[in-house]
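# Structural overview
Spelled out from the first residue to the last, the chains are:
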Amino acid sequence: MEAAQQVSEVEDRRALVERLREEARRLRITDIRMLEKAGSGHPGGTLSAADMIAALYFHKLRIRPDDPMWADRDRFVLSKGHCIPIVYAALARLGFFPEEQLMTLRELGSPLQGHPDRVRLPGIEASTGSLGQGLSIAVGMAIAGRLDGADWRVYCMMGDGESQAGQLWEAAMLAGKRGLSNLVGILDQNLVQQSDLVERILDIEPVVAKWRAFGWHVREIDGHDMEQILDALDEVETVTDRPALVLSHTVKGKGVSWMELDPEWHGKAPDAEQAARAIAELEGTATGGGA
Amino acid sequence: MAKATREAFGEALVRVGGDPRIVVLDGDLMKSNFTYLFRERYPDRFVECGIAESNMIGVASGLALAGKIAWASSFACFLSGRLETIRMSVGYQAANVRLAGTHAGVGIGDDGASQMALEDVAAMRALPNMTVIQPGDAVETERCVEYLVEHEGPVYLRLTRQKLDDVNPPDYRFELGKAVVLREGSDVALLGTGATVQEALKAADELAGEGVEARVINVHTLKPIDHETILAAARECGRLVTVEDHNVFGGLGSAVAEVLAANGSGAPLTVLGATDYGQSGKSEELYDAYGISAKHVAEAARALAKGS
Ligand SMILES: Cc1ncc(C[n+]2csc(CCOP(=O)(O)OP(=O)(O)O)c2C)c(N)n1
Ligand SMILES: [Mg+2]
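Residues numbered from 1 in each chain as written. Chains lettered and ligands numbered in written order. Predicted model: local features only at pLDDT ≥ 70, side-chain atom pairs only at ≥ 80, totals over all residues. Heavy atoms only, no water.

## Details of the overall build of chain B
Along its length, chain B carries twelve helices and 14 strands. For 308 residues, the compact-globule formula gives about 19 Å, and the C-alpha radius of gyration of chain B, at 19 Å, lands near that figure. C-alpha atoms of chain B, sized along the principal axes, occupy 60 × 40 × 35 Å. In chain B, which comprises 308 residues, the share counted as buried stands at 64%. Partitioning the contacts of chain B with sequence separation of at least 6, the portion at a separation of at least 24 is 78%. (Helix = DSSP H or I, 4+ residues; strand = E, 2+ residues; numbered from the N terminus. Rg over C-alpha atoms; globule rule 2.2 N^0.38 Å. Buried < 20%, exposed > 50% of the residue type's maximum accessible area, 1.4 Å probe, protein only. Contact = heavy atoms within 4.5 Å.)

Encoded structure:
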């Protein structure tokens, strides 16, 4: 009996992992389409975050698309706000707004602003885009949750370039001091920032030691391995005395071979031909030699 | 030839860069603010600070206090966002720091509000010893950067992402604090700064077709502001329109209003500028949506003419 149950749990996990992988693939394709249509945006950091965003929005986050301001929802703060299109893609798929609206990204009057705007778009928890500020807002939310005795959690995704910002460490210090176990940081360590590799601009290593020194539980994963992502998101829920950081080792531009780890693709939209090539690769229909 | 003032800035820095006192600081935006040109030429005097603008500003101050001419550059919003750091580490110390804020205003377009400085002039103007300059084209930017080599004291230079038409002649000479009359006229005065100078010029063309002769004034120095030229315009034209890619709470319009009011001028003034935080869109679309394109300048001038 017990063995049978274990088998079915393993099967369920496998099915979940498969489903989320497929969602991540769809998010990446939608992301490329949106950026191409908008004619500007940030492919690199959206693609590196896609797997984690899929796991959060299609599995982990306790949210209600038909009631975005539900008081007991989990909060997700995208501190690296320039990567918001990958979140828009998830919100639309969940029904927060019609999918047609995705193609209005960055247009005058669209709620889908170039950077997240919580006033214009329900489902966005915090307006961001100036790097280094998101974790402070997430800490404030987590303290509020504690004051209210609520059980919702706050997730905050940050960039590795962004980790150069002093305010981020001020927030980390406060969260550690207060033992905010309802706060989960996610570091999308994709190795590249705007102008160059993080290591060459201003190295943030040893970053694990830094977070630990600030009183955080740290779990390192391959951020493109869905099983590891799920394990990490489950594990952080078992930590009860401190905030947790998922250090997600990723590849900037993941999924489009010729964008990967190339700073050129930090903040430039693909043109129609490039988008078609990118999508073919993501769909697994690319014909060889097309890189 | 149309050029973004951020690009002219980066090129001018290289040209003056032979001066060993000059040190350039960047916050992971060297390709956007064109300081990569200086880095290529003078790598030893380029300090990459990463995404950490408060620290960059403080380091610039230290360099200046130790005898360097420190140029710190980032998007205008990320500099003015560190107002108290600038107040304490730059202004109050009278440090010889130049802050170059690129990507000013709604003119940046698609990226939207979070990257749009629309209050930076107000913030910088509020610091007592801060000089605030906003060039209207490439040649003005170049002459200004050259002038600033020998200037003493803190300076804020506001630059555009988008290309600007040439509004000045090639032999243009930059004079700090002296607004430039680009076009004579005595029916109405149109005052622009930075990217809106070209809008004022286009509006004047439009008005000329209707028999209205507009005086166009390029207010490149927002602080100290040119009292004489503004008061002469009020006297001789009777009415004024200011236009800025900045909000109306403390920028060019406010500075002009202060001059008029303090000198007892009752000349009617219309202030064109943003009244919110900005949003995504195409640059030209946003100039229309925020009422700061040539069309709106001309309209404001007509309305003023009717009212008197
Ligand atoms: C305070 C601030 N400074 C500069 C910028 C401009 N900027 C936008 S994205 C970026 C690089 C971010 O790199 P990283 O955090 O590694 O993000 P990712 O690689 O995930 O795109 C920079 C410098 C900004 N948005 N905010
Ligand atoms: Mg990165």
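So, next bit.
## With respect to the sheet that holds strand S3 (residues 183-189) of chain A
Residues and elements named next belong to chain A. Across the sheet, five strands lie side by side as S1-S2-S3-S5-S4; this open sheet has parallel pairing. Each edge of the open sheet carries a strand with a single partner, namely strand S1 (75-78) and strand S4 (217-222). Across this sheet, the average inter-strand angle for adjacent strands is 20°, counted without regard to direction. (Pairing = 2+ DSSP bridges. Axes fitted to C-alpha atoms, helices over the stretch in contact; angles between N-to-C directions.)

## A word on unusual backbone geometry
Peptide bonds are, in most cases, trans, and in most cases residues other than glycine have a negative phi. At the junction of A:Glu205 and A:Pro206, the peptide bond is cis and its omega measures out at 0° in the coordinates. Considering the arrangement of structural elements, one finds A:Pro206 in the loop between helix H6 (198-202) and helix H7 (207-213). The residue after B:Lys223, namely B:Pro224, is reached through a cis peptide bond having omega 0°. Here B:Pro224 lies in the loop between strand S12 (221-223) and helix H9 (227-237). Here the phi dihedral of A:Arg106 falls at roughly 65°; this positive angle occurs in a residue that is not glycine. Looking at the element boundaries, A:Arg106 is found in the loop between helix H3 (84-94) and helix H4 (134-147). For B:Ala94, which is not a glycine, the phi torsion comes out positive at approximately 50°. Tracing the backbone shows B:Ala94 in the loop between helix H5 (83-91) and strand S5 (97-102).

## As for the packing of H4(A) against helix H5 (residues 166-178) of chain A
All names here are of chain A. At a closest axis distance of 8 Å, the pairing of H4 and H5 adopts a crossing angle of 20°. Regarding the angle of H4 to H5, the classification is roughly parallel. When you trace H4 past H5, the crossing you get is left-handed. Across the interface between the two elements, Leu135, Ser136, Val139, Ile143 and Arg146 from H4 touch Gln167, Leu168, Ala171, Ala172, Leu174, Ala175 and Arg178 from H5. Classifying every residue of the contact of H4 with H5 gives eight nonpolar, two polar and two charged. (Parallel < 35°, antiparallel > 145°, perpendicular 65-115°, else oblique. Left-handed = near helix turned anticlockwise from the far one by under 90°. Nonpolar A, V, L, I, M, F, W, Y, C, P; charged D, E, K, R; others polar.)

## A short note on the packing of aromatic side chains
Residues and elements named next belong to chain A. Within the structure shown, the criterion is met by ten aromatic pairs over all chains. Here the aromatic rings of tyrosine 57 and phenylalanine 76 are separated by 5.6 Å at their centres, their planes lie at 80°, and the arrangement is edge-to-face. Remark: phenylalanine 76 occurs in strand S1 and tyrosine 57 occurs in helix H2 (residues 43-60); sequence separation between them is 19 residues. The buried category is assigned to phenylalanine 76, whose relative accessible area is 4%. Taken together, the ring pairs connect Trp169, Trp211, Phe214 and Trp216 into an aromatic cluster. The ring of tryptophan 70 is capped by arginine 64, whose NZ or CZ atom sits 3.7 Å from the centre of that ring. (Phe/Tyr/Trp six-rings, centres within 6.5 Å; stacked < 30°, edge-to-face > 60°. Lys NZ or Arg CZ within 6 Å of the ring centre and 35° of its normal.)

## Re the domain arrangement of chain B
All names here are of chain B. With domains assigned, chain B is organised as domain 1 (3-164) and domain 2 (180-307). The interface is formed by 32 residues belonging to domain 1 together with 33 residues belonging to domain 2. Contact with domain 2 buries surface across domain 1, with Val106, Leu118 and Arg125 losing the most and accounting together for 30% of the total. Run the count over domain 1 and domain 2 and you get two salt bridges. In this structure, the salt-bridge partner of lysine 282 is aspartate 110, at a minimum N-O distance of 3.1 Å. Counting across the domain 1 and domain 2 interface gives 25 residue pairs in polar contact (both at pLDDT 80 or more). (Domains from an automatic or database assignment. Buried area = accessible area lost by both parts, 1.4 Å probe. Salt bridge = Lys/Arg side-chain N within 4 Å of Asp/Glu carboxyl O. Polar contact = N/O pair within 3.5 Å; in protein donor to acceptor, adjacent residues only side chain to side chain.)

## Quick word on the pattern of salt bridges
Residue and element names in this part refer to chain A. Considering all chains together, one arrives at 39 salt bridges over all chains under this definition. Between lysine 60 and glutamate 237 there is a salt bridge, with the nearest N and O atoms lying 3.2 Å from each other. Of the two residues, lysine 60 is situated in helix H2 and glutamate 237 in the loop between helix H8 (226-235) and strand S5 (244-249); the sequence distance between them amounts to 177 residues. A network of salt bridges, in which partner residues are shared, links Arg13, Lys60, Asp231, Asp234 and Glu237.

## A short note on the nonpolar core
Counting residues in hydrophobic clusters, the biggest one holds 50 residues, and the most contacted among them are A:Ile53, A:Phe76 and A:Tyr88. Secondary structure elements with two or more residues in this core: helix H1 (2-38), H2, S1, H3, strand S2 (154-159), S3, H8 and S5 of chain A. Counting 47 residues, the second largest nonpolar core, distinct from the first, contains B:Met56, B:Ala72, B:Leu79 and B:Val219. (Core = buried A, V, L, I, M, F, W, Y, C linked by side-chain atoms within 4.5 Å.)

## Quick notes on the interface of chain B and chain A
With 24 residues of chain B at the interface, the matching set in chain A holds 24 residues. Each partner contributes to the roughly 1900 Å² buried at the junction of chain B and chain A, and carbon and sulfur atoms together form 44% of this total. If you look at where chain B meets chain A, you find one salt bridge. We note a salt bridge from A:Arg106 to B:Asp111, for which the minimum N-O separation is 2.8 Å. In this assembly, chain B and chain A are joined by 14 residue pairs in polar contact (both at pLDDT 80 or more).

## Side note on the confidence of the model for chain B
The predicted coordinates should not be examined in detail at positions where pLDDT is low. Per-residue confidence for chain B gives a mean pLDDT of 98; residues scoring 70 or more make up 100%. In the predicted assembly, ipTM is 0.96 and pTM is 0.97. (pLDDT = per-residue confidence, 0-100.)

## Considering empty space enclosed by the protein
Residue and element names in this part refer to chain A. As enumerated under the stated definition, the model contains two cavities of 30 Å³ or more in all. Approximately 80 Å³ is the volume found for the largest cavity. Of the residues that constitute the lining of the largest cavity, the class distribution is seven nonpolar, one polar and four charged. What lines the second largest cavity is simply Tyr57, Phe76, Val77, Leu78, Ile84, Val87, Pro116, Gly123, Ile124, Glu125 and Ala126. For the lining of the second largest cavity, the secondary-structure elements that each account for two or more residues are S1 and H3. Looking at the lining of the second largest cavity element by element, the count peaks at three residues for S1. Tallied by class, the residues present in the lining of the second largest cavity amount to nine nonpolar, one polar and one charged. (1 Å grid on protein atoms, 1.4 Å probe; cavity = no way out; pocket = protein on both sides within 12 Å on 5 of 7 lines; lining within 4 Å. Points joined across faces, edges and corners; volume = space filled by probe spheres on them.)

## Some details on the coordination of the magnesium ion (ligand 2)
Residues and elements named next belong to chain A. Looking at the metal site, the magnesium ion (ligand 2) is ligated by Asp160 (OD), Asn190 (OD1) and Val192 (O), spaced 2.1 Å from it. When the donor residues of the magnesium ion (ligand 2) are listed from N- to C-terminus, their spacing reads D-x29-N-x1-V. Residue aspartate 160 is located in the loop between S2 and H5, and its partner asparagine 190 is located in the loop between S3 and H6; the two are separated by 30 residues in the primary sequence. (Donors = N, O, S within 2.8 Å, 3.2 Å for Na, K, Ca; no water.)

## A short note on the side chain of A:Glu125
Residues and elements named next belong to chain A. By the element assignment, glutamate 125 lies in the loop between H3 and H4. Within the local environment of glutamate 125, its side chain forms a polar contact with the side chain of arginine 73, the two groups lying 2.6 Å apart. For glutamate 125, the residues in contact, after removing those within four places along its chain, are Arg73, Asp74, Arg75, Phe76, Arg118 and Met141.

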